[in-house]
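Observations on the model geometry
In case you want the letters, here they are:
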Amino acid sequence: MTTAFISNFPRRNVLAMGLALFLSGVGAQTVPSTVKLIVGYVAGGPVDAAARVFAPVLSRELGQTVVVENRAGAGGALAGQSVVKSPPNGSEIFFAASPTMTITPHVLKAMTFDPLKDMTPLAPILSYANVLVINLNQPFKTLPELLAFAKANPGQLAYGSAGMGASNHLSGELFARRAGVSMTHVPYKGNAPAMTDVMGGQIQMMFDIIGGAKTYIDGGKVRALAVTSKERNPALPQLPSMAELGVRDYDVGGWFGLYGPLGISPDLQQRLATATAKALQDVDLRKRWVDQGYVIWSGKGADLAERMRREHALWAEVTKGMSFE
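Residues numbered from 1 in each chain as written. Predicted model: local features only at pLDDT ≥ 70, side-chain atom pairs only at ≥ 80, totals over all residues. Heavy atoms only, no water.

To continue, consider the packing of aromatic side chains. Tallied over the full model, the rule gives eleven aromatic pairs. Relative to Phe256, the ring of Phe95 lies with its centre 5.6 Å away and its plane at 50°, an arrangement referred to as tilted. Here the residue Phe95 occupies a position in strand 3 (residues 92-97), and Phe256 occupies one in strand 9 (residues 253-261), the gap between them amounting to 161 residues. Accessibility expressed as a relative area gives 0% for Phe95, which makes it buried. Centroid distance Phe256 to Tyr294: 5.9 Å. Interplanar angle 55°. Geometry classified as tilted. On the criterion of sequence distance, the pair formed by Phe256 in strand 9 and Tyr294 in the loop between helix 12 (283-291) and strand 10 (295-296) is long-range, its members being 38 residues apart. Given a relative accessible area of 1%, Phe256 falls into the buried group. Here a set of aromatic residues connected by ring pairs shows up, and it is made of Phe54, Phe95, Tyr128, Phe256, Trp289 and Tyr294. (Phe/Tyr/Trp six-rings, centres within 6.5 Å; stacked < 30°, edge-to-face > 60°. Helix = DSSP H or I, 4+ residues; strand = E, 2+ residues; numbered from the N terminus. Buried < 20%, exposed > 50% of the residue type's maximum accessible area, 1.4 Å probe, protein only.)

Of the volumes computed, that of the largest pocket is approximately 1,200 Å³. Among the residues forming the lining of the largest pocket, the class breakdown is 25 nonpolar, 17 polar and four charged. Its boundaries defined by the atoms lining it, the second largest pocket holds a volume of some 460 Å³. Surrounding the second largest pocket, 24 residues form its lining, Lys230, Asp251, Val252, Gly253 and Arg307 being those nearest its centre. Looking at the lining of the second largest pocket, the elements that each hand over two or more residues are strand 4 (119-134), helix 8 (167-179), strand 9 and helix 13 (301-319). (1 Å grid on protein atoms, 1.4 Å probe; cavity = no way out; pocket = protein on both sides within 12 Å on 5 of 7 lines; lining within 4 Å. Points joined across faces, edges and corners; volume = space filled by probe spheres on them. Nonpolar A, V, L, I, M, F, W, Y, C, P; charged D, E, K, R; others polar.)

Across all of its chains, the model carries twelve salt bridges by this definition. One salt bridge in this structure joins Asp48 and Arg52, with 2.8 Å as the shortest N-O distance. One end of the pair is Asp48 and the other is Arg52, both in helix 3 (residues 46-62) and four residues apart, which spans about a single turn. Note that Arg60 is salt-bridged to Asp282, the shortest N-O span being 3.2 Å. Residue Arg60 is found in helix 3, and its partner Asp282 is found in the loop between helix 11 (266-279) and helix 12; the two are separated by 222 residues along the sequence. Each of Lys36, Glu69, Arg71 and Glu92 takes part in salt bridges that share partners, so that together they form one network. (Salt bridge = Lys/Arg side-chain N within 4 Å of Asp/Glu carboxyl O.)

In this structure, Asn89 sits in the loop between helix 4 (77-85) and strand 3. Between the C-alpha atoms of Asn89 and Ile264, which are 175 residues apart in sequence, the distance is 6.3 Å. At a separation of 2.8 Å, a polar atom in the side chain of Asn89 contacts the side chain of Ser91. (Polar contact = N/O pair within 3.5 Å; in protein donor to acceptor, adjacent residues only side chain to side chain.)

Regular strands place their side chains on alternate faces of the sheet. As defined by bridge partners, strand 1 (residues 34-39) adjoins strand 2 (residues 65-70) across six bridges and the pair is classed as parallel. Across the sheet, the residue bridging to Thr34 is Thr65, located in strand 2. Where the polypeptide runs from strand 1 across helix 3 and back to strand 2, its parallel neighbour, the crossover connection is right-handed. Pairing geometry for strand 1 and strand 3, over three bridges, is parallel. Bridging from a neighbouring strand, Leu37 pairs with Ile93 of strand 3. (Pairing = 2+ DSSP bridges. Right-handed = clockwise from strand over helix to strand, strands pointing away.)

A few words on the pairing of strand 5 (residues 158-161). The alternating pattern of strand 5 places Ala158 and Gly160 and Tyr159 and Ser161 on opposite faces, both of which are buried. Where the polypeptide runs from strand 5 across helix 8 and back to strand 6 (residues 184-187), its parallel neighbour, the crossover connection is right-handed. In terms of strand pairing, strand 5 meets strand 7 (residues 205-209) through two bridges, oriented parallel. For Gly160, the partnering residue across the bridge sits in strand 7 and is Met206.

Before going further, it helps to examine the nonpolar core. Of all hydrophobic cores here, the largest spans 34 residues; its most connected members are Leu37, Phe54, Phe95, Ile125, Phe256, Leu258 and Trp289. Only strand 1, helix 3, strand 2, strand 3, strand 4, strand 9, helix 11 and helix 12 provide two or more residues apiece to this core. If near-sequence neighbours (up to four positions away) are discounted, Phe95 is found in contact with Leu37, Ile38, Val39, Val47, Ala50, Ala51, Phe54, Ile125, Phe256, Gly257 and Leu258. If you look at the next biggest cluster of nonpolar residues, it comprises 28 residues, including Leu132, Tyr159, Phe175 and Leu225. (Core = buried A, V, L, I, M, F, W, Y, C linked by side-chain atoms within 4.5 Å. Contact = heavy atoms within 4.5 Å.)

As enumerated under the stated definition, the model contains two cavities of 30 Å³ or more in all. Considering only enclosed or pocket space, the largest cavity measures out at about 90 Å³ in volume. Considering the residues around the largest cavity, the lining is formed by 13 residues, among which Tyr128, Ser167, Val252, Gly253 and Gly254 are closest to the centre. Elements supplying a minimum of two residues to the lining of the largest cavity: helix 5 (98-102), strand 4, helix 8, strand 9 and helix 13. The greatest single-element share of the lining of the largest cavity, amounting to three residues, is contributed by helix 5. Taken together, the residues that form the lining of the largest cavity break down as five nonpolar, seven polar and one charged. Along its surface, the second largest cavity is lined by Ala123, Pro124, Ala273, Thr276, Ala277, Leu280, Ser298 and Gly299. Within the residue set of the lining of the second largest cavity, elements represented by two or more residues are strand 4 and helix 11. Here the lining of the second largest cavity takes three residues from helix 11, the largest share from any one element. Classifying every residue of the lining of the second largest cavity by side-chain character gives five nonpolar, three polar and no charged.

So, in structure tokens, the structure goes:
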């Protein structure tokens with residue numbers, strides 16, 4: 001715009017134009033053409049698999065390319081830290097598994113961010129439960145029989161987990177406390193080797209995510225005794241819950257949710273939340289996840305934040321005084 005043109009323009013119009021240009025830059029966020037869905041675990045695992053099912057559906061609803069990027073390490077904390085440091089423009093979104101947000105802060109000394117303070121909860125995605133499975137050749141076949149055996153033989157029951165401080169380690173610890181029994185924890189480097197030893201009889205039992213254990217249950221490789229959620233799971237409707245079988249105050253599960261860095265504008269938060277809600281209505285997506293034992297969890301960022309706070313406090317209590325070295 002030339003000086004001559006401006007001089008012929010009414011002064012109030014020039015001022016209005018300048019103010020409009022100024023305001024257009026205030027608080028504006030450049031939305032990238034590609035959104036990175038950051039996963040804190042290796043490719044091929046349950047978190048990664050869920051993210052890769054979700055990404056193309058979210059991409060369709062956003063009208064943007066959504067790609068999954070794995071940044072494994074430190075129980076998902078490395079991925080979380082990456083998102084915390086990312087620009088608040090939607091370029092990086094954390095596809096978070098609940099252990100990273102509620103358990104890892106209590107077991108990892110080098111945790112570099114506070115999930116309660118350093119991230120913006122955007123939307124919940126799904127919930128999941130664990131299932132207690134045992135070796136086929138045990139003298140007990142039901143949960144009441146297992147508990148009777150454990151009480152008669154303190155410390156002789158060995159349960160496996162994906163490692164010290166893993167969600168299924170603490171599921172077993174809380175189970176022992178609530179049921180009033182003593183068991184021996186055997187940590188492994190992942191769920192797969194622990195399940196192998198359950199099948200082989202090196203250990204008697206483990207808690208595993210339903211999606212991971214269902215193949216072994218359906219194939220008759222292990223015996224399932226109960227699910228850890230308050231309600232029965234649609235993927236294993238024949239299995240009772242721990243609460244049904246008398247283990248009180250035991251409702252243990254996990255979830256996946258979307259988080260962004262601090263500073264994301266309310267408009268962008270709403271856009272991401274709305275796209276997520278629409279994605280979760282996709283028929284094929286829902287069937288695929290429900291068949292794997294997941295429960296679709298539609299809700300608001302505030303719902304995600306509240307559950308995170310509640311479970312963060314629970315695992316703080318459970319891990320108090322425990323050593324994870």
